[in-house]
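Residue strings, one per chain:
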Amino acid sequence: MLLDLLTSRRVVFVGGKGGVGKTSIAAALALGRARAGARVLLVSTDPAHNLGHLWDRPVGDEPTRLAGPGDLAPGAGTAGHVDGLEIDPERTVEQHLSAVAGTMRRLLPERMHAPAARHLELARLAPGTHESAVLERIAEAVELGEEAYDLVVFDTAPSGHTLRLLALPEQLASWTEALLANRDRSERFGAAVRGLGGGEHRDRDADLRRVLLRRRNRFSRLRKVVTDPAQAGFVVVLTAELLPIAETMEVYEKLTGLGVEVTALVANRRSPADAGEVLARRRGQEDQHLVRLRQQVDVPLLEVPLLPGDLVGTQALAALADLLGPSSS
Ligand SMILES: Nc1ncnc2c1ncn2[C@@H]1O[C@H](COP(=O)(O)OP(=O)(O)OP(=O)(O)O)[C@@H](O)[C@H]1O
Ligand SMILES: [Mg+2]
């Protein structure tokens, strides 16, 4: 059912409270779609990565094959595969800052180089640097998805963090907008002072403008994809307990407010009704929580049972994918 809901989407974010099963569900989704023939890129944006543990092979900052046609269900006979990518925020920030440093050296007069370098050193530690770098990588992964994959699945960090990231394109776009407006004013002023001469200045201005424009376009493209339900979906994973349910409702409100459609909820690790009194009582309590959740949030809800054993490796993930419903190709 979940796989069906997501068939036409190009981008899926999997979010939810810490420890509820985001990484497992994201990986099973990726595998399920790959079995139906899709080329899938599975991206972890959580600084505490565990795609590598889950698939039992090293995953890094470049796409790595996690499951190829040979690992998928026999008879799949398709080009479907899963590549994994763990965004390394430290490396991202370093790359980002060294690119900015290069641009600044190119665009700023010599005497500004030292203060600019000091400014960048501070930026490395400033709140938001990390997040905007990760956001840039998310945008990049969506673009890579457009070129080389049918679907990009994001395994996100616990909810609050992801929501801030999804709100960021808007903020960053308007920040860039303000910078550009400023440039326009100072360009006109500068042109007047220079009597429209001064090729070097004009080149610098044009360069800086191009950099800012590229950034703005990238973020507004991301925003467009994320807020278009035909292209992007958001799956919230939860366990049917008091706090995860409360947080799910909060996340639902916030995402809706940001113009992001919640495609489905997954109530994970449902207790069995027939495996002893304690679990049966837990099940009863979970049922009550889910009734309350359904009353407040009108979104398809899929229940996934508590599974025995560790959820590690392609086989275990395939079993989990079976529980996410059939997937049409
Ligand atoms: N349906 C299930 N049945 C049994 N165990 C499960 C199930 N789903 C997930 N788990 C287990 O629960 C633990 C947490 O799952 P997972 O790492 O996917 O959660 P997460 O939301 O990504 O956590 P974090 O917020 O730390 O990233 C793992 O040990 C995983 O194997
Ligand atoms: Mg995780």
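Please read all numbers here as calculations on a predicted model, not as lab measurements. (Residues numbered from 1 in each chain as written. Chains lettered and ligands numbered in written order. Predicted model: local features only at pLDDT ≥ 70, side-chain atom pairs only at ≥ 80, totals over all residues. Heavy atoms only, no water.)

### Thoughts on the pairing of strand E5 (residues 151-155)
And step 1. Counting buried positions along E5 yields five of five residues, so the element is predominantly enclosed.
And step 2. In E5, alternate side chains face the same way, and those of Leu151, Val153 and Asp155 on one face and Val152 and Phe154 on the other are all buried.
And step 3. Judged from the four bridges that link them, strand E1 (residues 11-16) and E5 form a sheet pairing that is parallel. Bridging across to E5, Val12 finds its partner in Val153.
And step 4. Relative to E5, strand E2 (residues 39-44) runs parallel, the two being bridged by five bridges. Bridge pairing links Leu42 to Val153 in E5. (Buried < 20%, exposed > 50% of the residue type's maximum accessible area, 1.4 Å probe, protein only. Helix = DSSP H or I, 4+ residues; strand = E, 2+ residues; numbered from the N terminus. Pairing = 2+ DSSP bridges.)

### Details of the sheet that holds strand E6 (residues 232-239)
And step 1. If you walk across this open sheet you meet the eight strands as E3-E4-E2-E5-E1-E6-E7-E8, and the pairing is mixed. Looking at which strands have only one partner, the edges of the open sheet turn out to be strand E3 (64-67) and strand E8 (301-305). Adjacent strand axes in the sheet meet at a mean angle of 25°, parallel and antiparallel pairs treated alike.
And step 2. Judged from the four bridges that link them, strand E7 (residues 262-270) and E8 form a sheet pairing that is parallel. Bridge assignment links Val266 to a residue of E8, and that residue is Leu302.
And step 3. Packed onto the sheet, helix H9 (residues 242-257) meets E6 and E7 and runs at close to 165° relative to E6. (Axes fitted to C-alpha atoms, helices over the stretch in contact; angles between N-to-C directions. Contact = heavy atoms within 4.5 Å.)

### Comments concerning the site of ligand 1
And step 1. The full set close to ligand 1 counts 16 residues, and Gly19, Lys22, Thr23, Ser24 and Leu307 are the nearest of them.
And step 2. Gly19 places a polar main-chain atom, nitrogen or oxygen, 2.8 Å from an oxygen atom of ligand 1.
And step 3. Within the side chain of Lys22, an N or O atom sits 2.7 Å from an oxygen atom of ligand 1.
And step 4. In a pocket analysis with a 2 Å cut-off to the grid points, ligand 1 is assigned to the second largest pocket.
And step 5. Residue assignment for the shell around ligand 1 shows that the elements contributing at least two residues are helix H2 (22-35), E7 and E8.
And step 6. Take the shell around ligand 1: its biggest share by element is three residues, from H2.
And step 7. Classifying every residue of the shell around ligand 1 by side-chain character gives seven nonpolar, six polar and three charged. (Near = heavy atom within 4 Å. Polar contact = N/O pair within 3.5 Å; in protein donor to acceptor, adjacent residues only side chain to side chain. 1 Å grid on protein atoms, 1.4 Å probe; cavity = no way out; pocket = protein on both sides within 12 Å on 5 of 7 lines; lining within 4 Å. Sits in = over half its atoms within 2 Å of the grid points. Nonpolar A, V, L, I, M, F, W, Y, C, P; charged D, E, K, R; others polar.)

### Things to note about the environment of Gly313
And step 1. Along the chain, Gly313 falls in helix H11 (residues 313-323).
And step 2. Given the relative accessible area of 14%, Gly313 is considered buried.
And step 3. Sequence separation between Gly313 and Leu54 is 259 residues; the distance between their C-alpha atoms is 6.0 Å.

Honestly, that's just the spatial picture; any functional story needs more than this.
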